[in-house]
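Take a look at the letters that make up each chain.
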Amino acid sequence: MTHVLILGGTTEASALAAALAHAGIAATLSYAGRVANPRAQPVAVRVGGFGGVAGLVEWLQVKRVSHLVDATHPFAAQMSAHAVAAAAQAGVPHLALTRPAWAAETADRWTRVADIPAAVAALAGGPRRVMLALGRMHVDAFAAMPQHRYLLRFVDPPRTAIALPGHRLVVDRGPFTVEGDLALLRREAIELLVCKNAGGSGAQAKLIAARTLGLPVVMIDRPPLPDRVEVHDVAAVLHWIGHAADRGV
Ligand code: 3Y8
Ligand code: NAP
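A. Spatial organisation of the overall build of the protein chain. Helix and strand counts for the protein chain come out as 7 helices and 12 strands. Taking 249 residues into account, the globule formula puts the C-alpha radius of gyration at 18 Å, and the protein chain, at 19 Å, falls close to it. Its C-alpha atoms put the protein chain at 60 × 35 × 30 Å along the principal axes. Split into buried and exposed, the 249 residues of the protein chain put 45% on the buried side. Total accessible area computed for the protein chain in this model is approximately 11700 Å², and 56% of it derives from carbon and sulfur atoms. Distance between charge centroids for the protein chain: 5 Å, based on 24 positive and 18 negative side chains.

B. Region of the structure containing the site of ligand 2. Near ligand 2, the surroundings consist of 22 residues, among which Gly8, Ser30, Phe50, Gln78 and Lys196 are the closest. Between ligand 2 and Gly8 there is a distance of 2.8 Å, counted from an oxygen atom to a backbone nitrogen or oxygen. Residue Phe50 places a main-chain N or O atom 2.8 Å away from an oxygen atom belonging to ligand 2. Protein contacts shield 79% of the accessible area of ligand 2, which totals 800 Å² for the unbound molecule. For the shell around ligand 2, the elements supplying multiple residues, two or more each, are β2 (27-31) and α3 (77-90).

C. Here's a closer look at the sheet that holds strand β10 (residues 192-196). In space, the 6 strands of this open sheet follow the order β6-β11-β10-β7-β8-β9, with parallel pairing throughout. Strands with a single pairing partner mark the edges of an open sheet, and in this sheet they are β6 (109-113) and β9 (167-171). Strand-to-strand twist of the sheet, defined as the mean angle between neighbouring strand axes without regard to direction, takes the value 20°. Judged from the 5 bridges that link them, strand β8 (residues 149-154) and β9 form a sheet pairing that is parallel. Residue pairing for β9: Leu151 is matched across the bridge by Arg168. Docked against the sheet, helix α6 (residues 205-213) engages β6, β8, β10 and β11 (216-220), running at close to 150° with respect to β10.

D. Main features of the site of ligand 1. As a matter of local geometry, ligand 1 sits amid 31 residues, with Thr11, Ser14, Ala32, Arg136 and Arg173 nearest to it. Within the contact set of ligand 1, an oxygen atom lies 3.2 Å away from a backbone nitrogen or oxygen of Leu134. Side-chain polar atom of Arg136 to an oxygen atom of ligand 1: 2.7 Å apart, as the coordinates give it. Within the complex, 95% of the 1100 Å² of free accessible area of ligand 1 lies under protein. Here the shell around ligand 1 is composed, by residue class, of 12 nonpolar, 11 polar and 8 charged.

Calculation rules
- Residues numbered from 1 in each chain as written.
- Chains lettered and ligands numbered in written order.
- Predicted model: local features only at pLDDT ≥ 70, side-chain atom pairs only at ≥ 80, totals over all residues.
- Heavy atoms only, no water.
- Helix = DSSP H or I, 4+ residues; strand = E, 2+ residues; numbered from the N terminus.
- Rg over C-alpha atoms; globule rule 2.2 N^0.38 Å.
- Buried < 20%, exposed > 50% of the residue type's maximum accessible area, 1.4 Å probe, protein only.
- Areas by Shrake-Rupley, 256 points an atom, 1.4 Å probe, with all protein chains shown as cover.
- Lys, Arg positive; Asp, Glu negative; His and termini not counted.
- Charge placed at Lys NZ, Arg CZ, Asp CG, Glu CD.
- Near = heavy atom within 4 Å.
- Polar contact = N/O pair within 3.5 Å; in protein donor to acceptor, adjacent residues only side chain to side chain.
- Pairing = 2+ DSSP bridges.
- Axes fitted to C-alpha atoms, helices over the stretch in contact; angles between N-to-C directions.
- Contact = heavy atoms within 4.5 Å.
- Nonpolar A, V, L, I, M, F, W, Y, C, P; charged D, E, K, R; others polar.

Right under this line is the structure:
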C-alpha cells in the first residue's frame with residue numbers, strides 16, 4: 001500500500017502534492033507550522049514538528065509510510081538531516097525533491113556570502129535602503145547594522161517587536177511576480193537586496209527585478225545538506241515511486 005510523506009513548504013512540494021492527488025496516490029504533506037495559514041493542499045496535511053528523528057521514525061512506522069520525499073526549502077537543513085536519518089532507521093525509501101541553486105548572470109551584481117552573519121558583515125559602511133528578503137526568522141541579526149533603512153517582507157504580521165530601527169514591513173506571501181517586485185523595489189527606492197539562494201521560481205522575482213534595476217545583491221549560499229539522492233522535477237519523483245513500487249517496497 002503506497003503512502004507518500006512529503007516534507008513540504010515549497011512550490012515544488014505543492015506541485016508534487018497536486019500530481020500525487022491527480023494520480024490517486026495516497027500522500028500526506030507536512031508543514032512545520034511556521035506560518036498561520038499554510039497553503040491548502042489536495043492531499044492530507046499535518047502541521048508541526050515530529051519531535052526529532054525518533055518522532056519522525058515513529059510517524060513513518062505508525063502511518064505506514066512507503067516513500068519519504070523531502071521537498072523542503074534548501075535552508076531547512078535540520079529537517080533534511082532528520083529525514084535522511086529517520087528514513088534509514090525506518091527502512092523507508094527516501095528521495096529529495098529540490099531546485100537547483102540560482103547562478104549569477106552577467107548582468108547580476110552579486111556578493112556571495114556563506115551565511116547570515118556574513119550577510120550582516122557585508123552591510124558594513126554608510127547608510128543605504130536595504131531590502132531583507134529573508135522572512136522573519138533572521139531579522140534580529142541585522143540590528144548590528146542599524147545605519148541602514150530596512151525593508152522587511154514577512155509572511156505573517158510579526159508576533160514580537162522588530163529590533164531594527166527605521167524599518168518598513170510588507171506582509172505578503174509568495175510566489176511573487178517580477179512586476180510586483182519591480183514596483184516594490186522602485187517604490188521603496190531600494191539600493192541593495194539581501195536574500196537566500198533558495199532557487200526555484202517562487203522567490204526568484206526579486207532577483208530579476210534587481211537585475212533590471214541594476215541593484216547589487218548579497219546572496220546567502222545554501223547551508224550544507226546531507227548526502228542523498230536528489231531530483232529536480234515532479235516527474236522524476238513519480239517515476240521513483242512507480243519504480244520503487246516495482247521493487248515491492
Ligand atoms: C511555512 C507555507 C507553496 C510554497 C511557497 C518557495 C516559494 C513562496 C518565497 C521574499 C522571500 C522566504 C520565506 C519564501 C518563499 C515560497 C513558498 C516561499 C521566502 C511558505 C509556507 C511556510 C513558509 C515558511 C517561511 C519561513 C521564511 C521563508 C518567507 C505556505 C509561505 C524568506 C525564504 O514567519 C515565518 O516563520 C516564516 C518562515 C521559513 C524564512 C524565514 O527565515 O523567515 N518561508 N513559507 C512552512 C511550514 O510551516 O512548514 O503557506 O505555503 C511557503 C513558501 N515561501 O506551496 O506555494 O518555494 O520557496 N518563504 C526564502 O526563500 O528566502 C520569501 O520575500 O522574497
Ligand atoms: P529547519 O530549521 O530545517 O527545521 C527545524 C525543525 O522544524 C525540524 O527539526 C522539525 O522539527 C521542524 N520542521 C521543519 N520542517 C518541517 C516540516 N516540513 N514538517 C514538519 N516539521 C518540520 O526548518 P525551517 O528552515 O524552520 O523550515 C520550516 C519550514 O518552512 C519547512 O517546511 C520549509 O520547507 C519551509 N521553508 C523554509 C524556508 C527557509 O528559509 N528556511 C523557506 C521557505 C520555506 P522536529 O525536529 O520536531 O521534527
